[in-house]
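# Observations on the three-dimensional arrangement
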Amino acid sequence: MPIPHLSNVQNGPLLELERRILEAQPQIEHWFRSQWCAHATPFYGSVDLRNSGFKLAPVDMNMFPGGFNNLNTDMTPLAVQAAMSAVDKVCPEAKSILLIPENHTRNTYYLQNVASLVRIFELAGLKVRLGSLNPEITEPTEFVAANGVPVRLEPVQRRGNRLVLADGFNPCMVLLNNDLSGGLPAMLQNIEQNLMPPLHAGWAVRRKSHHFQAYDAVASEFAQLISIDPWLINPLFAHAGGLDFQSRQGEQVLADTVSDLLARIRVKYREQGIEHAPFVIVKADAGTYGMGVMSVKSPEEVIGLNRKARNKMSVVKEGLEVSEVIVQEGVYTFETVEEAVAEPVVYMMDRYVIGGFYRVHTGRGIDENLNAPGMHFVPLSFETACLPDRLGMPDCPQNRFYSYGVIARLALLAGARELEATDPDNA
């Protein structure tokens, strides 16, 4: 297992943060337990983290994680236990699950992720079948994942208020691994089966700015618990709307938003004695797969974008047009794996960390988005993250991984609160 190298000498603040987390471990776990009593845990999720040596923060949280094939298989028993716990909360008597994946069947690595999910839930004692919303799938069709495992997709049917397959397969639970970027299909609305995650977790409804608004509150509460500056674990952000990148509508509003946020970051950098140049990430407020993202160090960079940049920013997955963005404090990554820039991604199911990996990109820099073509993945076992060595150094691998798991669970908790706030049943 490659151990990441934190290639930054300016790691004093992070060491102090890790020391505080390690010392407060019993209080932290008690606090998490109390939070999960008050808030329903998202079914599953993944969190992208960035470690700059002076800051450790989440920069994205996915409610429909699609990289289970990149996890260390040594952690499968923990994933199976977490799957049992997650299903028990939704449908304790469940014998079977209908899993609905994304429509992009040509991505054989994504299909490998689907096969990995099927295996986890089968090992948890459930019959799993794959129902597709893809209109091109009109009969049971077998595909082959990148690792050679067969993946059989069948067209979903709706009978009354239930989703079934043609032969009558009629489970009590439907699991989405489809982020609904293209909208909310009528097929999925008002069904009586348990649907996880709920429809309002999809990008047709969800906004990153809502998530980080919820994370603001979570980070502040946690920072008070362990007596740290919340900025050490929380990226500053702002929202800009009314944009049309193709017609250049809203350019000045976006530039002003970038300018204001850069000024706020400079204040924090001066407070912390950080000499690096601040930067921000401008990204679509809805959507995933690293689309619609740019790294910016001055407001002038978002004025007069060339055609290629406008095309890149104007449309994301499923052709969703971008009219709103989140402008987020850029967090440098000073972690490397075999001299390539890397960032940790932590996977969770129910309230448990079940593994993670490093997203590695040999062609990107320390201030750029790594979720881009050319990336590869290095699996990491997070087994030691669940059992920190409280007598060891704060930055030894298992304690650093424990810190990663803590920050990722803070983002998961923010996701729980976010879903509560956007639940139409709570309106």
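Thresholds applied
- Residues numbered from 1 in each chain as written.
- Predicted model: local features only at pLDDT ≥ 70, side-chain atom pairs only at ≥ 80, totals over all residues.
- Heavy atoms only, no water.
- Salt bridge = Lys/Arg side-chain N within 4 Å of Asp/Glu carboxyl O.
- Helix = DSSP H or I, 4+ residues; strand = E, 2+ residues; numbered from the N terminus.
- Pairing = 2+ DSSP bridges.
- Axes fitted to C-alpha atoms, helices over the stretch in contact; angles between N-to-C directions.
- Contact = heavy atoms within 4.5 Å.
- Parallel < 35°, antiparallel > 145°, perpendicular 65-115°, else oblique.
- Nonpolar A, V, L, I, M, F, W, Y, C, P; charged D, E, K, R; others polar.
- Phe/Tyr/Trp six-rings, centres within 6.5 Å; stacked < 30°, edge-to-face > 60°.
- Buried < 20%, exposed > 50% of the residue type's maximum accessible area, 1.4 Å probe, protein only.
- Arc of directions from axis to C-beta.
- Polar contact = N/O pair within 3.5 Å; in protein donor to acceptor, adjacent residues only side chain to side chain.
- Core = buried A, V, L, I, M, F, W, Y, C linked by side-chain atoms within 4.5 Å.

What follows is about the pattern of salt bridges. Counted by the stated rule, this structure contains 21 salt bridges. Between Glu221 and Arg417 there is a salt bridge, and its shortest N-O distance comes to 2.9 Å. Pair noted here: Glu221 is in helix H5 (residues 208-226) and Arg417 is in helix H8 (residues 397-422), with a separation of 196 residues, a long-range link. Where Lys268 meets Asp229, a salt bridge forms, and the shortest distance between an N and an O atom there is 2.9 Å. In this pair, Lys268 is assigned in helix H6 (residues 251-272) and Asp229 in the loop between H5 and strand S12 (237-240), connecting sequence segments 39 residues apart.

Let us now look at the sheet that holds strand S13 (residues 280-284). The four strands lie next to each other as S12-S15-S13-S14, forming an open sheet whose pairing is antiparallel. On the outer flanks of this sheet lie S12 and strand S14 (293-296), each paired with one strand and no other. Averaged over all pairs of adjacent strands, the angle between strand axes in this sheet comes to 20°, irrespective of strand direction. Relative to strand S15 (residues 325-329), S13 runs antiparallel, the two sharing five bridges. Looking at S15, one finds that Lys283 is bridged to Ile326. Sitting on the sheet, H5 touches S12, S13 and S15, and the angle it makes with S12 is about 150°.

With that settled, the discussion passes to the packing of helix H3 (residues 76-90) against helix H4 (residues 108-123). When two helices pack together, their arrangement is given by the angle between the helix axes and by the axis-to-axis distance. For the pair H3 and H4, the least separation of the axes is 8 Å and the interaxial angle reads 70°. As the angle between them shows, H3 and H4 are arranged roughly perpendicular. Judged by residue contacts, Thr76, Ala79, Val80, Ala83, Met84 and Val87 of H3 engage Arg119, Ile120, Phe121 and Leu123 from H4. By residue class, the composition of the contact of H3 with H4 is eight nonpolar, one polar and one charged.

In the structure shown here, the tally under the stated rule is 13 aromatic pairs. Measuring from centroid to centroid gives 5.7 Å for Phe54 and Tyr269, while their planes differ by 80°, and the two rings are edge-to-face. Of this pair, Phe54 sits in the loop between strand S2 (44-51) and strand S3 (56-62) while Tyr269 sits in helix H6, placing them 215 residues apart in sequence. For the residue pair Phe54 and Tyr269, the accessibility class agrees, reading buried in each case. For the pair Phe279 and Tyr332, a centre-to-centre distance of 4.8 Å together with 70° between the ring planes defines the contact as edge-to-face. Placement of the pair is Phe279 in the loop between H6 and S13 and Tyr332 in the loop between S15 and strand S16 (335-337), with a sequence separation of 53 residues. For Tyr332, a relative accessible area of 5% gives the class buried.

Moving on to helix H7 (residues 307-314). Within H7, burial applies to Arg310, Met313 and Ser314. One face of H7 carries all of its buried residues, which in axial projection span an arc of 95°. The elements touched by buried residues of H7 are S13 and S14. The opening residue of H7 is Asn306, an N-cap whose side-chain oxygen sits 3.2 Å from the backbone nitrogen of Lys308.

Glancing now at the sheet that holds strand S10 (residues 173-177). Neighbouring strands of a sheet are bound in pairs by backbone hydrogen bonds; such pairs are parallel or else antiparallel. Strand order in the open sheet formed by six strands is S6-S7-S5-S4-S10-S11, and the pairing between neighbours is mixed. In the strand order of this sheet, the two ends are held by strand S6 (141-144) and strand S11 (194-196), each with one partner. The mean angle between the axes of side-by-side strands here comes to 35°, regardless of whether they run parallel or antiparallel. Taken together, the three bridges between S10 and S11 define a ladder with parallel strand orientation. When the bridges of S11 are listed, Met173 appears paired with Asn194. Against the sheet, H4 makes contact with strand S4 (96-101), strand S5 (127-132), S6, strand S7 (150-155) and S10, and its axis sits at roughly 165° relative to S4, the strand it touches most.

Glancing now at the nonpolar core. Counting 92 residues, the largest nonpolar core has Leu254 and Val282 as the members making the most contacts within it. The dominant element in this core, judged by the number of residues it contributes, is H8, at 13 residues. Among all residues touching Leu254, those that are not within four sequence positions of it are Ala240, Leu243, Phe245, Val282, Val302, Val325 and Val327. Formed by 40 residues, the second largest nonpolar core is a distinct cluster that contains Phe43, Phe121, Val345 and Phe357.

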